Amino acid sequence: QVEQWRYDATLNRTIEAFECSQPFDSAGRSWLKLSVRANSFVLNQIRKLLSLLCAVLAGHVDARLVQVALRAPFKFYLPLAPAEPLMLVKNTFVGHDGQPLALFDAPPLHDALHTFRASVVEPHIVSSAATMRQFEVFRSVLPLARVDDWEALWPTYTAWLAGHEAKLAQRRAQPADERAAPRVPKPRTRRYVARDKKAATSAL
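Residues numbered from 1 in each chain as written. Predicted model: local features only at pLDDT ≥ 70, side-chain atom pairs only at ≥ 80, totals over all residues. Heavy atoms only, no water.

Let's talk about the overall build of the protein chain
Consideration 1: Scanning the protein chain from N- to C-terminus turns up seven helices and eight strands.
Consideration 2: Split into buried and exposed, the 204 residues of the protein chain put 17% on the buried side.
Consideration 3: Put simply, 64% of the contacts in the protein chain that link residues at least 6 apart link residues at least 24 apart.
Consideration 4: Accessible surface for the protein chain amounts to roughly 16000 Å². Of this, 57% is attributable to carbon and sulfur atoms. (Helix = DSSP H or I, 4+ residues; strand = E, 2+ residues; numbered from the N terminus. Buried < 20%, exposed > 50% of the residue type's maximum accessible area, 1.4 Å probe, protein only. Contact = heavy atoms within 4.5 Å. Areas by Shrake-Rupley, 256 points an atom, 1.4 Å probe, with all protein chains shown as cover.)

Put into structure tokens, the structure is as follows:
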């Protein structure tokens, strides 16, 4: 269940804001509306994030697993939260000068989009989720999000974290010019071995 993977900076995403609404009732159920804003998202990032939060709240995994999953180079199996309630609210585009373009921030358009989303899209999401029973299926597979060897994983994580922080401290102690110095790739030597001497001679 737990597998160490090689660090890949291209998988990093910065979450700029995470908001949770007050509970509200609709279609005979209580709901929460979660809003996430980031510079970009990777595939299934939000669904896995919500799945982990639900697994912690349901008591299937230790709450410290959130810290391990966000910081350590370990992979965990998590069932995906339902995709139907997930909605892309807004895209921010950047112009040639590096500044965000206010394409949808004009008051008439912004108000119309907000009204349509609140009166049409969100009620449809709630009604379809209640009809298709997506969350019932999700809750049935949520117990699969468990770490059987948690007692062995936590010391492994703390040891990795200590080594990681030591490397960061060592790097911060270096002069700024050395930290910024680009890495020079090592020259590679290519060797070609001819297994068939006649074939190599005729090719030449």
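Here's the deal with the nonpolar core
Consideration 1: Core analysis: the largest hydrophobic core is formed by 18 residues, its most contacted members being Leu65, Val68, Phe74, Phe76 and Leu153.
Consideration 2: Contributions of two or more residues to this core are made by helix 1 (45–57), helix 2 (64–71) and helix 5 (150–173). (Core = buried A, V, L, I, M, F, W, Y, C linked by side-chain atoms within 4.5 Å.)

Quick word on unusual backbone geometry
Consideration 1: One non-glycine residue with positive phi stands out, namely Asn44, at about 65°.
Consideration 2: Within the secondary structure layout, Asn44 lies in the loop between strand 5 (34–38) and helix 1.
Consideration 3: According to the relative accessible area criterion, Asn44 is partly exposed, its value standing at 24%.

Focus: the pattern of salt bridges
Consideration 1: A full pass over the atoms with the stated rule returns four salt bridges.
Consideration 2: Of the charged contacts, one joins Arg37 and Glu16 as a salt bridge, the two residues approaching to 3.5 Å between their closest N and O atoms. Residue Arg37 is located in strand 5, and its partner Glu16 is located in strand 2 (residues 15–20); the two are separated by 21 residues in the primary sequence.
Consideration 3: For Arg37, a relative accessible area of 47% translates into the label partly exposed.
Consideration 4: Across the pair Arg139 and Glu136 runs a salt bridge whose closest N-O atoms are separated by 3.9 Å. In this pair, Arg139 and Glu136 are both assigned in helix 4 (residues 134–141), three residues apart and thus about one turn of the helix distant. (Salt bridge = Lys/Arg side-chain N within 4 Å of Asp/Glu carboxyl O.)

Side note on a nonpolar patch on the surface
Consideration 1: A cluster of nonpolar residues, Phe93, Leu101, Leu103, Phe104, Leu109 and Leu113, forms a patch on the protein surface that exposes about 500 Å² of accessible area.
Consideration 2: Along the chain, Leu103 falls in the loop between strand 8 (100–101) and helix 3 (107–132).
Consideration 3: Residue classification places Leu103 among the partly exposed positions, given a relative accessible area of 44%. (Patch = residues over 30% accessible without salt bridge, like charges linked within 9 Å, V, L, I, M, F, W, Y side chains within 5 Å.)

Topic: helix 3
Consideration 1: For helix 3, built from 26 residues, the straight-helix expectation of 38 Å at 1.5 Å per residue is met to within 8% by its first-to-last C-alpha distance of 36 Å.
Consideration 2: Of all the bends found along helix 3, the most pronounced is centred on Arg117 and spans about 40°.
Consideration 3: Of all the positions in helix 3, only Arg117, Ile125, Val126, Ser128 and Ala129 are classed as buried.
Consideration 4: Check the buried side of helix 3 and you find it contacts strand 3 (24–26), strand 4 (29–31) and helix 4.
Consideration 5: Backbone geometry just after helix 3 places Arg133 at a positive phi near 55°. (Expected span 1.5 Å × (residues − 1). Bend = angle between axes of the 7 residues up to and from the residue.)

Quick look at the packing of aromatic side chains
Consideration 1: Following the criterion strictly, the structure yields three aromatic pairs and no others.
Consideration 2: With a centroid separation of 5.2 Å and 40° between ring planes, the pair formed by Trp154 and Tyr157 is classed as tilted. Note that Trp154 and Tyr157 are positioned in helix 5 at a spacing of three residues, about one turn of the helix.
Consideration 3: Overall, the relative accessible area of 21% leaves Trp154 in the partly exposed class.
Consideration 4: Site record: aromatic cluster; members linked through ring pairs are Trp154, Tyr157 and Trp160.
Consideration 5: When the ring centre of Trp154 is taken as reference, the NZ or CZ atom of Arg64 above it lies at 4.5 Å. (Phe/Tyr/Trp six-rings, centres within 6.5 Å; stacked < 30°, edge-to-face > 60°. Lys NZ or Arg CZ within 6 Å of the ring centre and 35° of its normal.)

What about the side chain of Arg47?
Consideration 1: With respect to the helices and strands, the residue Arg47 is situated in helix 1.
Consideration 2: Comment: no salt bridge for buried Arg47; closest opposite-charge side chain is Glu84, at 6.3 Å.
Consideration 3: With residues near it in sequence (within four places) discarded, Arg47 still touches Leu80, Ala81, Pro82, Ala83 and Leu86. (Lys, Arg positive; Asp, Glu negative; His and termini not counted.)

Focus on the packing of helix 2 against helix 5
Consideration 1: Here helix 2 crosses helix 5 at 45°, and the two axes come no closer than 11 Å. One finds that helix 2 runs oblique with respect to helix 5. By crossing handedness, the relation of helix 2 to helix 5 is classed as left-handed. Within the contact between the two elements, helix 2 uses Arg64, Leu65, Gln67, Val68 and Arg71 and helix 5 uses Trp150, Leu153, Trp154, Tyr157, Trp160, Leu161 and Glu165.
Consideration 2: Residues of the contact of helix 2 with helix 5, tallied by class, amount to eight nonpolar, one polar and three charged. (Axes fitted to C-alpha atoms, helices over the stretch in contact; angles between N-to-C directions. Parallel < 35°, antiparallel > 145°, perpendicular 65-115°, else oblique. Left-handed = near helix turned anticlockwise from the far one by under 90°. Nonpolar A, V, L, I, M, F, W, Y, C, P; charged D, E, K, R; others polar.)

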